[in-house]
Number of protein chains: 4
Amino acid sequence: MPLSPDQQAEIDSLRAQPRQTLRAVSEGMEAHLYKAVPVLDHGFVRVIDYMGDDAAICQAARVSYGRGTKSVQNDEGLIRYLMRHWHSTPFEMCEVKLHVKLPVFVARQWIRHRTANVNEYSARYSILDREFYIPQPDALAAQSVINNQGRGEALSGEEAARVLEWLKADAGRAYDHYEAMIGDTAPDGSAQAGLARELARMNLPANIYTQWYWKVDLHNLFHFLRLRADAHAQYEIRVYADAICEMVKDWVPAAYAAFEDYRMGGVTLSATGVACLRRMLAGEAVTQETSGMSKGEWREFGGGLGVSRLGDLVGSPLFRMPFARGRSR
Amino acid sequence: MPLSPDQQAEIDSLRAQPRQTLRAVSEGMEAHLYKAVPVLDHGFVRVIDYMGDDAAICQAARVSYGRGTKSVQNDEGLIRYLMRHWHSTPFEMCEVKLHVKLPVFVARQWIRHRTANVNEYSARYSILDREFYIPQPDALAAQSVINNQGRGEALSGEEAARVLEWLKADAGRAYDHYEAMIGDTAPDGSAQAGLARELARMNLPANIYTQWYWKVDLHNLFHFLRLRADAHAQYEIRVYADAICEMVKDWVPAAYAAFEDYRMGGVTLSATGVACLRRMLAGEAVTQETSGMSKGEWREFGGGLGVSRLGDLVGSPLFRMPFARGRSR
Amino acid sequence: MPLSPDQQAEIDSLRAQPRQTLRAVSEGMEAHLYKAVPVLDHGFVRVIDYMGDDAAICQAARVSYGRGTKSVQNDEGLIRYLMRHWHSTPFEMCEVKLHVKLPVFVARQWIRHRTANVNEYSARYSILDREFYIPQPDALAAQSVINNQGRGEALSGEEAARVLEWLKADAGRAYDHYEAMIGDTAPDGSAQAGLARELARMNLPANIYTQWYWKVDLHNLFHFLRLRADAHAQYEIRVYADAICEMVKDWVPAAYAAFEDYRMGGVTLSATGVACLRRMLAGEAVTQETSGMSKGEWREFGGGLGVSRLGDLVGSPLFRMPFARGRSR
Amino acid sequence: MPLSPDQQAEIDSLRAQPRQTLRAVSEGMEAHLYKAVPVLDHGFVRVIDYMGDDAAICQAARVSYGRGTKSVQNDEGLIRYLMRHWHSTPFEMCEVKLHVKLPVFVARQWIRHRTANVNEYSARYSILDREFYIPQPDALAAQSVINNQGRGEALSGEEAARVLEWLKADAGRAYDHYEAMIGDTAPDGSAQAGLARELARMNLPANIYTQWYWKVDLHNLFHFLRLRADAHAQYEIRVYADAICEMVKDWVPAAYAAFEDYRMGGVTLSATGVACLRRMLAGEAVTQETSGMSKGEWREFGGGLGVSRLGDLVGSPLFRMPFARGRSR
């Protein structure tokens, strides 16, 4: 349970004070405001503020296309048209501000998305709390034997127990020493100067929790979600992306539906892949050697990168491998 | 008068429909929403949406600095502290969306500020209106004889009349031909194919009006305002910046006051400039030749770049030249 | 012919002075350096500088993936892997600086790509040359009757002649008045103050040529090329993109080949599109009404957005329409 | 000593192979290429590539200002003019690519500078080395008693010894467990699955070293250096900034000199500060209470933010406090 009673009371208080505004309002998002959605063992995501709604996307698009957009008769159709043709600027006209509590190693991946505004809790100024991410047993995965990036099966038995024990003990000891280093009392009870916080933090492991405000426009948020809610993303960031997807679905339902159809559920084929399919459907028995693809590319052509879905549809046994790209379901 | 009756009715209608929200509300900005502030002869600026207020800046800063910010007891003090120490990320937590109608040559300057979101009316899809910026007589300035960039005195008499006549006649003729090229009827009344809009627009001059939605965070807006509300900015963009300043002042009064004190009204000296001042105050008669500065730099040291203000205060006759940098008043 | 003898002599001089460097060198790009490739009637593109080559992309990727990339045995395979999996940061490690001369209405489209560095010729400080883009007859296209954006057939006969005459006459007159306004002599030979350049420029039409230095990393350049070398891009910017494609092909041949295969020649299907295909291949006669698509989307599904290529391969008569998306050939 | 013999041999090999280029060459930077400058106990910075030199800055500026820049007769004068007037785009025309090895807690500060390209060593794919930053005794500072951010005196005696012992022991144990978790052999010699690398890394502390390629333009690099080579920056990032300053000085000597004069050595006063100075020089005994400043601002007005330099020059005893802002020397 990541929230203290004080925090819950603050949320309740904020939600008890509606005010009047002339701005665009998304009822779906109002229902989310300030509430913390728990993620992992101590983390959360919550919406602090938002700007715009589905109608605001269309309004901005109609400024661009003027009379030209009259033929698209309703907002949903226009939003699908914009998404389909990669007209991204109208989606940039919506903005959201999230408060996220997350482990440092997740924050390090997240921050690579540069087109966003961030205010992170500063361990130069302030003292971090004693909270560490310790995976649930089913998330304690082995290294994949197929590729260098993915995960394999969950660890079991003594190995799992040993890993959990090390993670807990090392984090606890590191935090004990962190506290002892910055405190004004030495272990023997005498006074000490206390190490600077900006130095003491270096002793803390990457599973300690940090938090930040993260503000991003809808176009860049969709880009983040496409990469981070994907089955290839690390589980520990994907659960945050999944939680955000649920919020976005309520905030801008039409835009989110178009995003699901064209981005998350979309399939991309290379020119070489199309040419191979054409030969195969014409009856040729194409092999990796004659495909013009590398071994890795051939494997992904069959089993990954969305082609498996296509494989299902063209009925070729080649494509019967499990779907490996796109959002996991 | 830049607004049609239909547009005014739409604004009135939008302002007549308050809704409830749980978000931060700035009463000062609510009063501006949707209203069009006239700028130049056919242009305007109006606020379409905003996110955050002074308190939201502090809230984000307190996430960063945690307990460390408790010592700054009130929001205004914290905001001044952030501005003074160039802690820019809390200001990025506020966002504003403007609808601007402006001449194309102003839009070309404006768009150079890259950290913003833009949806511009598209002359590929749509037909531009017959509206051109024609300067008022007192804005019809001569080329400066001092530098290549600035303006001198206003033109007078026949020269001014001749310029205005050319601007009006050329714009009118260009638009007549634009309309004739894209129309489906030839001058002799017969049918014609009609030139593609994306080509016909090339005949239109840079004083034709365009419009866009422009969305930006407060930090980057301050940067825009510092450069474009400055006395060195071209008059035709400065009037837009001035109009936006009035809105920002009502939106985030504490942040705007800090911006005025530390940025718009601030004075910057180079290391060389400081060294010269020191020598002068010690009684040395420093000249350009002995200053280590170029002629241009020496001129600006005395009369420009804020040093003239300093000149007033140290009482040196060297600095009696008119103040040339910083926001015009 | 866009280059003056002086400009050609300067290029020859720069190309006659090789120097030694320890940096990565791309022989293919060295052959292009400084040379101006003519585009449109007075424009050009030329390479002023570049950083990195195919090997530099791999070097950066190997920093990221360390030992994990050893399994990809050669640079070409690694580059294809990176492109296929949207690992964009290694491509950001290459940079190019171009000098481009282009009509203002093309520059206005181009500048919308924000992740780039630009130095444009300033008409506030300097005087623009008397050079205007006048389309060749076969580029003088009618407005498309299918959509608001595209072009139809070329204009013919008197209509074409009339348009060309207007474009030339209006541009010439506008420039005459521009010169007369900024000059120091009135038409009657008497002295005049001369209008400020920053104002006089407003009289010039959007087909006047400007020029700039444009610096961009390879990832963002690929994004620009995918949009602007596409058949849907306006012809007048596409010819610039095409010219740049030829340079990039010689600069980073492996990366360019991967870009062609996965981006320019790639095909994207929506989840709805995949579901429809599946039903059709199972023998169902899907119509727009039963497809779950709008009319526009259905038309594009058959004839546009790459599906026509897929159409060829699955042999459905539905898909026999000409290929409408992806780079024109 | 951060480089292995293999690494040194690779550097020597790269430096032994000069090639011919037609591009701009900076001899000062060629002397740095590939060489690793040691920073902290295991870190380094080295230049991998660069684009442009002082002349390239001027060349880009002259494209912008055309004939208008002829009056600035030499490159150094032009560069100083550009820096003085915040014309930043010509500085963006130079680019540099660095290879940096640095502790994770330093990397977390560094990455906040968003306008740069980064390829970091991935602990999802690869195994981190056993290398941790352990401060030298004189860098083992106490928390400042003046503000929450800075450092005080170095720890001494038993306290220092205790901190160093904890830092070393905790890092070593964490790494032992990291290795044991990802290995394929359990402590008892039996086979084990091995934890996924992307999970095991969470046990490692923030003083472990990572490395990346970092590519940035000169304008944004100057911004980074102004903040990170400043006396207020954390020592552990400042030493990297200092090392980069030495490279930039050799790369673009004129631009670096202007940067030192106008940015690093510059002094900024607020409007309120200027008004106070004016009153004081007129003989008034201004106190914090009558100054219009908060206590913190008044303290900084006297002793910090460059005003102390000004204090020296105006001879007021108020300003005799040590200079606290700007680059430490």
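Residues numbered from 1 in each chain as written. Chains lettered and ligands numbered in written order. Predicted model: local features only at pLDDT ≥ 70, side-chain atom pairs only at ≥ 80, totals over all residues. Heavy atoms only, no water.

Peer 1: Explanation requested: the overall build of chain A in the structure shown.
Peer 2: In terms of helices and strands, chain A carries 14 helices and 9 strands. Across the 329 residues that make up chain A, the buried fraction comes to 61%. Pairs at least 24 residues apart make up 66% of the contacts formed inside chain A by residues separated by at least 6 positions. (Helix = DSSP H or I, 4+ residues; strand = E, 2+ residues; numbered from the N terminus. Buried < 20%, exposed > 50% of the residue type's maximum accessible area, 1.4 Å probe, protein only. Contact = heavy atoms within 4.5 Å.)

Peer 1: Would you mind going over the UniProt feature "binding site: FAD" (unreviewed entry) in chain A with me for this structure?
Peer 2: The positions UniProt marks with the feature "binding site: FAD" (unreviewed entry) are Thr89(A), Arg112(A), His113(A), Arg114(A), Glu120(A), Asp217(A), Leu218(A), His219(A) and His223(A). Within the element layout of this structure, Thr89(A) appears in the loop between helix H4 (75-84) and strand E4 (95-103). A relative accessible area of 16% means that Thr89(A) is categorised as buried. Once residues within four sequence positions are removed from consideration, Thr89(A) is found in contact with Val118(B), Asn119(B) and Arg112(C). (UniProt positions renumbered as here; feature names shortened; annotations may be inferred.)

Peer 1: How do you make sense of the relation of the copies chain A and chain B when you look at a structure like this?
Peer 2: To go from the first copy of the chain to the second, apply a rotation about an axis and then a shift along the same axis. Expressed as a screw transformation, the operator carrying chain A onto chain B has a rotation angle of 180° and an axial translation of 0.0 Å, and the superposed copies differ by an RMSD of 0.0 Å. Such a combination of turn and shift is consistent with a two-fold rotation axis. When C-alpha positions in chain A are compared against the rotation axis, the closest is assigned to Gln20(A), at 2.3 Å. The overlap is high: 100% of the interface residues of chain A also sit at the interface in chain B, so the same surface is used on both sides. (Least-squares fit on C-alpha atoms with pLDDT ≥ 70 in both.)

Peer 1: How should I be thinking about the UniProt feature "active site" (unreviewed entry) in chain A in this particular structure?
Peer 2: All names here are of chain A. As recorded in UniProt, the feature "active site" (unreviewed entry) lies at Arg-228. Position of Arg-228 among the secondary structure elements: in helix H8 (residues 218-228). Among residues more than four places away in sequence, those in contact with Arg-228 are Gln-109, His-113, Ala-233, Ile-237, Arg-238 and Ala-241. Within the local environment of Arg-228, its side chain forms a polar contact with the side chain of His-113, the two groups lying 3.0 Å apart. (Polar contact = N/O pair within 3.5 Å; in protein donor to acceptor, adjacent residues only side chain to side chain.)

Peer 1: Is there a simple way to explain the interface of chain A and chain B in this structure?
Peer 2: Often, the extent of an interface is quoted as the loss of accessible area on bringing the components together. In this complex, chain A contributes 53 residues to the contact, which on the side of chain B involves 53 residues. Interface area for chain A against chain B, summed over the two sides, is near 5100 Å², with a carbon-plus-sulfur share of 49%. Of all residues in chain A, Arg19(A), Leu22(A) and Arg23(A) give up the largest surface area on contact with chain B, accounting jointly for 18% of the area buried on that side. On inspection of chain A and its partner chain B, the count reaches 6 salt bridges. Our count for the contact surface shared by chain A and chain B stands at 28 residue pairs in polar contact (both at pLDDT 80 or more). Within the residue set of the side of chain A that touches chain B, elements represented by two or more residues are helix H1 (5-15), strand E1 (19-21), helix H2 (27-30), strand E3 (43-51), helix H3 (54-65), E4, strand E5 (117-120) and strand E8 (209-217) of chain A. Sort the elements by how many residues they give to the side of chain A that touches chain B and H3(A) lands first, with 6 residues. In terms of residue class, the side of chain A that touches chain B is built from 24 nonpolar, 15 polar and 14 charged. Here E1(A) runs beside strand E1 (residues 19-21) of chain B; their pairing, made up of 3 bridges, is antiparallel. Residue pairing in the sheet places Thr21(A) in a bridge with Arg19(B) of E1(B). (Buried area = accessible area lost by both parts, 1.4 Å probe. Salt bridge = Lys/Arg side-chain N within 4 Å of Asp/Glu carboxyl O. Nonpolar A, V, L, I, M, F, W, Y, C, P; charged D, E, K, R; others polar. Pairing = 2+ DSSP bridges.)

Peer 1: Which parts of the structure should I look at to understand helix H4 (residues 75-84) of chain D?
Peer 2: Because an α-helix packs 3.6 residues into every turn, residues spaced three or four apart end up facing the same way. All names here are of chain D. Regarding H4, the residues found buried are Leu-78, Ile-79, Arg-80, Leu-82, Met-83 and Arg-84. The distance from a side-chain oxygen at the start of H4 to the backbone nitrogen of Glu-76 is 3.3 Å, and the residue carrying that oxygen is Asn-74. Just past H4, the residue Trp-86 takes up positive phi, approximately 55°.

Peer 1: Just to check I follow, could you spell out the sheet that holds strand E2 (residues 37-39) of chain B for this structure?
Peer 2: Backbone-to-backbone hydrogen bonds pair the strands of a sheet. The strands run either parallel or antiparallel. All names here are of chain B. Reading across from one edge, E2-E3-E4-E8-E5 is the order of the 5 strands in this open sheet, with antiparallel pairing throughout. Of all strands in the sheet, those bounded by a partner on one side alone are E2 and strand E5 (117-120). Strand-to-strand twist in this sheet, taken as the mean axis angle between neighbours without regard to direction, amounts to 25°. Here strand E4 (residues 95-103) runs beside strand E8 (residues 209-217); their pairing, made up of 9 bridges, is antiparallel. Residue pairing across strands places Pro-103 opposite Tyr-209, the latter belonging to E8. Across the face of the sheet, helix H8 (residues 218-228) comes into contact with E4 and E8 while running at roughly 130° to E8. Sheet strands touched by helix H9 (residues 235-251): E2, strand E3 (43-51), E4 and E8. Its angle to E3, the strand with the most contacts, is close to 30°. (Axes fitted to C-alpha atoms, helices over the stretch in contact; angles between N-to-C directions.)

Peer 1: Explain the confidence of the model for chain A to me, please; I cannot follow it from the model alone.
Peer 2: Low pLDDT marks stretches whose predicted atomic positions should not be read closely. Taken residue by residue, chain A gives an average pLDDT of 86. The fraction at 70 or more is 85%. Ignoring residues within four places in sequence, the model shows residues 303-329 of chain A, a span with pLDDT below 50, making 73 contacts including any to other chains. (pLDDT = per-residue confidence, 0-100.)

Peer 1: Hey, could you run me through the sheet that holds E4(A) in this one?
Peer 2: Residues and elements named next belong to chain A. Spatial ordering of the open sheet is given by E2-E3-E4-E8-E5, a layout of 5 strands whose pairing is antiparallel. Of all strands in the sheet, those with a lone pairing partner are strand E2 (37-39) and E5, marking the two edges. Recorded for the sheet is a direction-independent mean angle of 25° between the axes of neighbouring strands.

Peer 1: Before we go on, may I ask you to explain the packing of aromatic side chains in this structure?
Peer 2: For any pair of aromatic rings, the description rests on two quantities: the centre-to-centre distance and the angle between the ring planes. Using the criterion set out here, one finds 48 aromatic pairs over all chains in the structure. Each ring, one from Trp110(B) and one from Phe224(B), has its centre 4.9 Å from the other, and the planes form 40°; the classification is tilted. One end of the pair, Trp110(B), is in helix H5 (residues 104-110); the other, Phe224(B), is in helix H8, and 114 residues separate them in sequence. With respect to class, Trp110(B) is no different from Phe224(B); both count as buried. Measuring from centroid to centroid gives 5.8 Å for Trp110(D) and Tyr240(D), while their planes differ by 75°, and the two rings are edge-to-face. Of this pair, Trp110(D) sits in helix H5 (residues 104-110) while Tyr240(D) is found in helix H9 (residues 235-251), placing the two residues 130 residues apart along the sequence. Both residues of the pair, Trp110(D) and Tyr240(D), belong to the buried class. Ring pairs connect the aromatic residues Trp110(A), Trp212(A), Trp214(A), Phe224(A) and Tyr240(A), which therefore count as one cluster. (Phe/Tyr/Trp six-rings, centres within 6.5 Å; stacked < 30°, edge-to-face > 60°.)

Peer 1: For this particular structure, what's the right way to read the environment of Ile57(A)?
Peer 2: All names here are of chain A. The topology assignment puts Ile-57 in helix H3. Judged by its relative accessible area of 0%, Ile-57 is buried. Put simply, Ile-57 and Leu-218 are 161 residues apart on the chain and 9.7 Å apart in space, counted from C-alpha to C-alpha. Setting aside residues no more than four positions away along its own chain, Ile-57 makes contact with Ile-79, Leu-82, Pro-90, Phe-91, Cys-94, Leu-218, Val-252 and Ala-255.

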